[in-house]
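Here's the letter readout for the chains.
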Amino acid sequence: MTEPRRVVISVDLDEWYHCRWATGAPHSRWKDTAAFFRAHYGTDRPTGELAGPTRRILELFARRGVRATFFILGEVATHYPELVREIAAAGHEVGSHGFHHVDIDMLGPDGFRDELRRGRDVLADILGKPPIGYRAPNLLLRDFMIPILREHGFRYDASVCTARSLLGKDFGHEHVARNPYRFRDRFSRPDPAGDLVEIPIPTVPVLRLPAATGILTRVAGVGWTMWGLRDALATGDAQYYFHPYEMGPRPRLAFTWRERLFLRRLGPWMERAVDRIVLRLAEQGARFVTGRELAEAV
Ligand SMILES: [Zn+2]
């Protein structure tokens, strides 16, 4: 890094069963989370698996002086309002991760509008103010979503991963740039009149595979993630994100090889890996900011 860069560390507050193989996509194992709760827990709500790892993340951030952004799923917020308040009270930004964790292509524009409003309103009710940052479930951002985000008071999005298609998932972003940008400045579509900011998720150079995500840290290692982050930081600011469930225990289920890959190295390994990434970034002079702060500075 030639000059100090800003890095947003972000956390998606959802659970392992929100992964596409489990729920929320056309070929998921369970129809929705309600069906999952009944089948797996025998109740109509989650059992609190999320709380412990989330609190350990808050401790890690406090120890390392990181103020982060938590993109919180509306469904999770309704089950854990106290946790939402704890996150905000610790000085972190709360953004929205939608309401249900479902692929945007299953919703369409009207469905997306409803989900966005519900996800925003539940956070506003808990915290007394609406979020201005958004991350799409499964990182699927489509152009039609941009004006709808602006209508609902969002000022930035953090869903664009500049990767090629991977394991049947087409990220589908034509409007890609590896450092944060205003859509208006970089692309004539999809926001020609507005000033919505995008905070993208870096990939590794040449291969264009995701790098700065917890899943890829667990699958490919800390070195892989740092490779993508260093590449992005050579030209501007960057972002790294992960999930609380990645620091929790491995769920007890029979898994396919692909599911086992996605659940590799959960728990203490991942907790140490995130700590190392934060330390390495700090050593390289990165300044940790929230998504809101970065969006205001772009
Ligand atoms: Zn998610």
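Here, every reference points to the structure presented above.
Quick caveat: nothing in here was measured; it's all calculated off a predicted structure.

Caption draft 1: Local environment of the nonpolar core. Ile-9, Phe-61, Phe-70, Ile-72, Tyr-240, Phe-242 and Leu-281 are the most contacted members of the largest nonpolar core, which totals 48 residues. Residue contributions to this core peak at six residues, all from helix H11 (residues 268–283). Excluding anything up to four places from it in sequence, Ile-9 contacts Phe-61, Val-66, Ala-68, Thr-69, Tyr-240, Phe-242, Val-278, Leu-281, Phe-288 and Val-289.

Caption draft 2: Layout of the coordination of the zinc ion. The zinc ion binds to the protein through Asp-14 (OD), His-97 (NE2) and His-101 (NE2); the donor distances cover 1.9 to 2.1 Å. Of note, the donors binding the zinc ion are all from one chain and are spaced D-x82-H-x3-H. Across the pair, exposure class does not vary: His-97 and His-101 are buried alike.

Caption draft 3: Highlighting the environment of Gly-48. With respect to the helices, strands and loops of the structure, Gly-48 is situated in the loop between helix H1 (33–41) and helix H2 (51–64). Between the C-alpha atom of Gly-48 and that of Thr-235, which follows or precedes it by 187 residues, the distance is 41 Å.

Caption draft 4: Here's a closer look at the packing of aromatic side chains. Summed over the entire model, instances satisfying the criterion amount to 19 aromatic pairs. Between Phe-112 and Phe-144, the aromatic rings sit 6.4 Å apart at their centres with planes inclined by 80°, giving edge-to-face as the arrangement. Of this pair, Phe-112 sits in helix H5 (residues 108–127) while Phe-144 sits in the loop between strand E4 (133–134) and helix H6 (145–151), and the two are 32 residues apart along the sequence. Looking at Phe-112, the relative accessible area reads 2%, which means it is buried. Over the face of the ring belonging to Phe-99 we find Arg-118, whose NZ or CZ atom lies 3.9 Å from the ring centre. The ring centre of Tyr-241 lies 4.4 Å from the NZ or CZ of Arg-135, which sits over that ring.

Caption draft 5: Region of the structure containing the pattern of salt bridges. Inspection of the entire model under this criterion finds 20 salt bridges. In this structure, Glu-82 engages Arg-85 in a salt bridge whose closest nitrogen and oxygen atoms are separated by 3.0 Å. In this pair, Glu-82 and Arg-85 both sit in helix H4 (residues 81–89), three residues apart, roughly one turn of the helix. The partly exposed category is assigned to Glu-82, whose relative accessible area is 46%. Here Asp-105 and Arg-142 are joined by a salt bridge, their closest N and O atoms 2.9 Å apart. Residue Asp-105 is found in the loop between strand E3 (93–96) and H5, and its partner Arg-142 is found in the loop between E4 and H6; the two are separated by 37 residues along the sequence. Through salt bridges with shared partners, one network takes in Asp-110, Arg-113 and Glu-151.

Caption draft 6: The arrangement of the side chain of Asn-138 in detail. Looking at the element boundaries, Asn-138 is found in the loop between E4 and H6. A distance of 2.7 Å separates a polar atom in the side chain of Asn-138 from a polar atom in the side chain of Asp-103.

Caption draft 7: Examining a nonpolar patch on the surface more closely. A grouping of Val-206, Leu-207 and Trp-227 is seen on the molecular surface, where their side chains present a nonpolar patch of about 310 Å² in accessible area. Following the sequence through the fold, Leu-207 ends up in the loop between strand E7 (197–198) and helix H8 (214–220).

Caption draft 8: Up close: the layout of surface pockets. Estimated volume of the second largest pocket: approximately 190 Å³. Ala-88, His-92, Glu-93, Val-94, Leu-123, Leu-127, Lys-129, Pro-130, Pro-131, Ile-132 and Arg-292 are the residues that line the second largest pocket. When residues of the lining of the second largest pocket are traced back to their parent elements, those giving at least two are E3 and H5. A breakdown of the residues in the lining of the second largest pocket according to their chemical character gives seven nonpolar, one polar and three charged.

Calculation rules
- Residues numbered from 1 in each chain as written.
- Predicted model: local features only at pLDDT ≥ 70, side-chain atom pairs only at ≥ 80, totals over all residues.
- Heavy atoms only, no water.
- Core = buried A, V, L, I, M, F, W, Y, C linked by side-chain atoms within 4.5 Å.
- Buried < 20%, exposed > 50% of the residue type's maximum accessible area, 1.4 Å probe, protein only.
- Helix = DSSP H or I, 4+ residues; strand = E, 2+ residues; numbered from the N terminus.
- Contact = heavy atoms within 4.5 Å.
- Donors = N, O, S within 2.8 Å, 3.2 Å for Na, K, Ca; no water.
- Phe/Tyr/Trp six-rings, centres within 6.5 Å; stacked < 30°, edge-to-face > 60°.
- Lys NZ or Arg CZ within 6 Å of the ring centre and 35° of its normal.
- Salt bridge = Lys/Arg side-chain N within 4 Å of Asp/Glu carboxyl O.
- Polar contact = N/O pair within 3.5 Å; in protein donor to acceptor, adjacent residues only side chain to side chain.
- Patch = residues over 30% accessible without salt bridge, like charges linked within 9 Å, V, L, I, M, F, W, Y side chains within 5 Å.
- Areas by Shrake-Rupley, 256 points an atom, 1.4 Å probe, with all protein chains shown as cover.
- 1 Å grid on protein atoms, 1.4 Å probe; cavity = no way out; pocket = protein on both sides within 12 Å on 5 of 7 lines; lining within 4 Å.
- Points joined across faces, edges and corners; volume = space filled by probe spheres on them.
- Nonpolar A, V, L, I, M, F, W, Y, C, P; charged D, E, K, R; others polar.

Read these as geometric descriptors, not functional statements.
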